[in-house]
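So you can see what is in the structure, the chains are spelled out below.
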Amino acid sequence: MNARLGVRLGLAAVSIGLTFAVTLAVTPAAQARVLPLPVYYRVDTKDDVVFLTVDDGIVQTKGALAYVLKHHLPITSFLTSSQVPHRAQYFKQISQWGSIQNHTTTHQDFNDPSTNFDRQICPVQKYYTKQFGTEPWMLRPPYGNGARNQYMQSVANGCGINRILLWDAVVDKGRLTTWNNGLLNRGSIILMHYTSNLEYDLRVAVSAARAQGLHPANLSDYLLPPKDRRPDPSQDDTTSVPG
């Protein structure tokens, strides 16, 4: 073999090997850039449904729980884990026709440069699996900030999150507002909070939905969890709409 050709072939082999190694090394990051976690403001559906989501967990009221239990309302609770100790049973009950999802450990703003995404997201996954029996697959960033932060999404994905949930409507202190100051839409995700007003806010949300021919549905039926986190299909998750 020509010596110069042999050198070229040897260099080419080294180059291919290095390229392969570098490709393997950057694949997760590249994948995060190419395939970011989907961010939902609303669920794309033709069904006449809306989704009730409640954040934080600071205040738990008997009235809100009784209203949810009476009407089997599907509540998706985005809980801050610092609010869960000694209150887990309440959240299990109020979320039994919905699900419990990740809203970080201490509600630190994702736009804050000092935020440690790993500490804010990953411990919640293990803790909720232990407390509630199912690992969350949805994350709601505090204040809705930083939802498309590439590094945050990479950390969240590595911890088992596959969807980022925001909202297109809010009920606060009995007042409904939407992203465009208009009506609710099919698939609207309604944001509320665990406050002393929650029962009233839930009534307003449900009434507004009914006035438009919509009804609350379980978000988990539309944004499905991974197969290994799906509930027993025999579980009753029917929803009645209050009159």
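Residues numbered from 1 in each chain as written. Predicted model: local features only at pLDDT ≥ 70, side-chain atom pairs only at ≥ 80, totals over all residues. Heavy atoms only, no water.

When you go through the protein residue by residue, the secondary structure sums to six helices and 10 strands. The buried share of the protein, reckoned over its 243 residues, is 44%. Here the analysis covers contacts within the protein between residues at least 6 apart in sequence; of these, 74% occur between residues at least 24 apart. Taken as a whole, the protein presents about 12900 Å² of accessible surface, with 53% of it coming from carbon and sulfur. (Helix = DSSP H or I, 4+ residues; strand = E, 2+ residues; numbered from the N terminus. Buried < 20%, exposed > 50% of the residue type's maximum accessible area, 1.4 Å probe, protein only. Contact = heavy atoms within 4.5 Å. Areas by Shrake-Rupley, 256 points an atom, 1.4 Å probe, with all protein chains shown as cover.)

Taken as a whole and judged by the stated rule, the model has three salt bridges. Salt-bridge contacts for R203 lead to E199; the nearest nitrogen and oxygen are separated by 3.1 Å. On the criterion of helical spacing, the pair formed by R203 and E199 is a turn pair, its members being four residues apart in helix α6 (residues 198-211). With relative accessibility at 26%, the residue E199 sits in the partly exposed group. (Salt bridge = Lys/Arg side-chain N within 4 Å of Asp/Glu carboxyl O.)

With that settled, the discussion passes to the state of the cysteines. By definition, a disulfide is the covalent link that joins the sulfur atoms of two cysteine residues. Under the defined criterion, the tally for this structure stands at one disulfide. Paired through a disulfide, C122 and C159 show a sulfur-sulfur distance of 1.6 Å. Torsion about the S-S bond of the C122 and C159 cystine: about 40 degrees, corresponding to right-handed handedness. Separated by 37 residues along the polypeptide, C122 in helix α4 (residues 117-132) and C159 in the loop between α5 (150-158) and β6 (163-165) bring together distant segments of the chain. Here C122 falls in the buried class, since its relative accessible area comes to 14%. On the basis of relative accessible area, C159 is assigned to the buried category, the value being 15%. (Disulfide = S-S within 2.5 Å.)

Along the chain, the position of T45 falls in the loop between β1 (39-40) and β2 (49-56). At 3.0 Å, the side chain of T45 and the backbone nitrogen of D47 are in polar contact. (Polar contact = N/O pair within 3.5 Å; in protein donor to acceptor, adjacent residues only side chain to side chain.)

Okay, the packing of helix α2 (residues 62-71) against α6 next. Following both chains from N to C, one finds α2 and α6 inclined at 35 degrees, their axes separated by 7 Å at the closest point. Contact residues: α2 offers G63, A64, Y67 and V68, while α6 offers L198, E199, L202, R203 and V206. Of the residues in the contact of α2 with α6, the class split is six nonpolar, one polar and two charged. (Axes fitted to C-alpha atoms, helices over the stretch in contact; angles between N-to-C directions. Nonpolar A, V, L, I, M, F, W, Y, C, P; charged D, E, K, R; others polar.)

Turning our attention to the packing of aromatic side chains. Taken as a whole and assessed by the stated rule, the structure comprises eight aromatic pairs. Ring centres of Y90 and Y194 lie 6.5 Å apart, and the angle between their planes is 70 degrees; on these two criteria the pair is classed as edge-to-face. Taken together, the positions of Y90 in helix α3 (residues 88-94) and Y194 in the loop between β9 (188-193) and α6 put the pair 104 residues apart, joining distant regions of the chain. Like Y90, the residue Y194 is buried in the burial classification. The interplanar angle of 55 degrees and the centroid separation of 6.0 Å between the aromatic rings of F117 and Y151 together place this pair among those described as tilted. (Phe/Tyr/Trp six-rings, centres within 6.5 Å; stacked < 30°, edge-to-face > 60°.)

Where α4 contacts α5, the axes come no closer than 9 Å and their chain directions differ by 30 degrees. It follows from the interaxial angle that α4 and α5 lie roughly parallel. Once α4 is placed against α5, the crossing between them reads as right-handed. Only Y151, M152, V155 and A156 of α5 make contact with α4, whose side of the interface consists of F117, D118, I121 and C122. Per-class residue counts for the contact of α4 with α5 are seven nonpolar, no polar and one charged. (Parallel < 35°, antiparallel > 145°, perpendicular 65-115°, else oblique. Left-handed = near helix turned anticlockwise from the far one by under 90°.)

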